[in-house]
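Chain and residue survey
Below, each chain spelled out in residue letters.
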Amino acid sequence: MAVNGCGPRVTVDAGAGPDIDGDGVSDGDEINTHDTDPNDTDTDDDGLTDGEEVNETDTNPRDPDSDNDGLEDGGEVNYYETDPNDSDTDDDGMRDGDEVIDYETDPNDADSDDDGLDDGEEINETQTDPNDADSDDDGLEDGEEVNETQTDPNDADSDDDGL
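Conventions we followed
Residues numbered from 1 in each chain as written. Predicted model: local features only at pLDDT ≥ 70, side-chain atom pairs only at ≥ 80, totals over all residues. Heavy atoms only, no water. Helix = DSSP H or I, 4+ residues; strand = E, 2+ residues; numbered from the N terminus. Rg over C-alpha atoms; globule rule 2.2 N^0.38 Å. Buried < 20%, exposed > 50% of the residue type's maximum accessible area, 1.4 Å probe, protein only. Contact = heavy atoms within 4.5 Å. Areas by Shrake-Rupley, 256 points an atom, 1.4 Å probe, with all protein chains shown as cover. Phe/Tyr/Trp six-rings, centres within 6.5 Å; stacked < 30°, edge-to-face > 60°. Salt bridge = Lys/Arg side-chain N within 4 Å of Asp/Glu carboxyl O. Polar contact = N/O pair within 3.5 Å; in protein donor to acceptor, adjacent residues only side chain to side chain. Lys, Arg positive; Asp, Glu negative; His and termini not counted. pLDDT = per-residue confidence, 0-100.

**What about the overall build of the chain?**
Check the secondary structure of the chain and you find 6 helices and 2 strands. The order of α-helices and β-strands along the chain, N terminus first, is β-β-α-α-α-α-α-α. The C-alpha radius of gyration computed for the chain amounts to 24 Å, which surpasses the reference 15 Å derived for 163 residues by more than 25%, pointing to a less compact arrangement than a globule. Taken over the C-alpha atoms alone, the chain extends approximately 85 × 20 × 20 Å along its principal axes. The buried share among the 163 residues of the chain stands at 37%. Partitioning the contacts of the chain with sequence separation of at least 6, the portion at a separation of at least 24 is 25%. For the chain, the computed accessible surface area is about 8700 Å², with 41% contributed by carbon and sulfur atoms.

**Examining the packing of aromatic side chains**
Overall, the coordinates contain 1 aromatic pair when judged by the stated rule. An angle of 85 degrees between the planes, with centres 4.7 Å apart, marks the rings of Tyr79 and Tyr80 as edge-to-face.

**A look at the pattern of salt bridges**
Side chains that differ in sign of charge can pair as their charged atoms come close. Enumeration according to the criterion identifies 1 salt bridge in this entry. For Asp98, the salt bridge is made with Arg95, and the minimal N-O distance between the two is 3.3 Å. A relative accessible area of 22% places Asp98 in the partly exposed class.

**Quick notes on the environment of Thr36**
As for its position among the elements, Thr36 is in the loop between helix H1 (27-34) and helix H2 (50-57). On a C-alpha basis, the gap between Thr36 and Pro61 in space is 7.0 Å, while along the polypeptide they are 25 residues apart. Within polar-contact distance, the side chain of Thr36 engages the side chain of Glu30 at 2.7 Å.

**A short note on helix H3 (residues 73-80)**
Every buried residue of H3 is listed here: Asp73, Gly74 and Glu76. Along its buried surface, H3 packs onto H2 and helix H4 (96-103). At the C-terminal side of H3, Glu81 shows a positive phi close to 55 degrees.

**Digging into the side chain of Asp69**
Here Asp69 lies in the loop between H2 and H3. Of the side chains with opposite charge, Arg95 lies nearest to the buried Asp69, which makes no salt bridge, at 6.2 Å. With residues near it in sequence (within four places) discarded, Asp69 still touches Glu76, Asp86, Ser87, Arg95, Asp96, Gly97 and Asp98.

**Description of the confidence of the model for the chain**
For the chain, the mean per-residue pLDDT works out to 91, and 90% of the residues sit at or above 70. Predicted confidence for residues 1-14 stays below pLDDT 50, and this span has 23 contacts to residues more than four positions away or in other chains.

**Here we look at unusual backbone geometry**
Its identity as a non-glycine residue notwithstanding, Asn68 has a phi of 55 degrees, on the positive side. With respect to the helices and strands, the residue Asn68 is situated in the loop between H2 and H3.

**Things to note about the side chain of Asp88**
Turning to its location among the elements, Asp88 is positioned in the loop between H3 and H4. Although Asp88 is buried, it forms no salt bridge, and the closest oppositely charged side chain is Arg95 at an N-O distance of 9.3 Å. A polar contact of 3.1 Å, which involves the side chain of Asp88, links it to the backbone nitrogen of Asp92.

Now the structure itself:
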């Protein structure tokens, strides 16, 4: 493949040659295999070097959010400890980015408040607070109300008896 820049046209063999930017991927592989910038250690500016993405995390070094969950790959690996290749690391029905940014729930724990309802179920089905085990403050946890007593987890007096 030919690379154009300042000066004469240069051909680089895949897998051969130096690693000018020191990111762990040879310049030839960056140009011919991964379509990344051999002069930029982090082509997609996501906080992971091209080498980390190609050799360690199996993420796309040209896409800052390989799983399209709203969190950049570098943040998932280095901060949130979520899977940058799985948009819903804890399989609770909510994208990791939505959990972190919108709901402030734990993307590594399907039931952030440990009430017996997954975060996605609380947001999408019961409209309860995934960060409060007893959304209506009636002394019964949301999961208990939904799964056992069949009472409304959003109404402290589900039977309207005043108690």
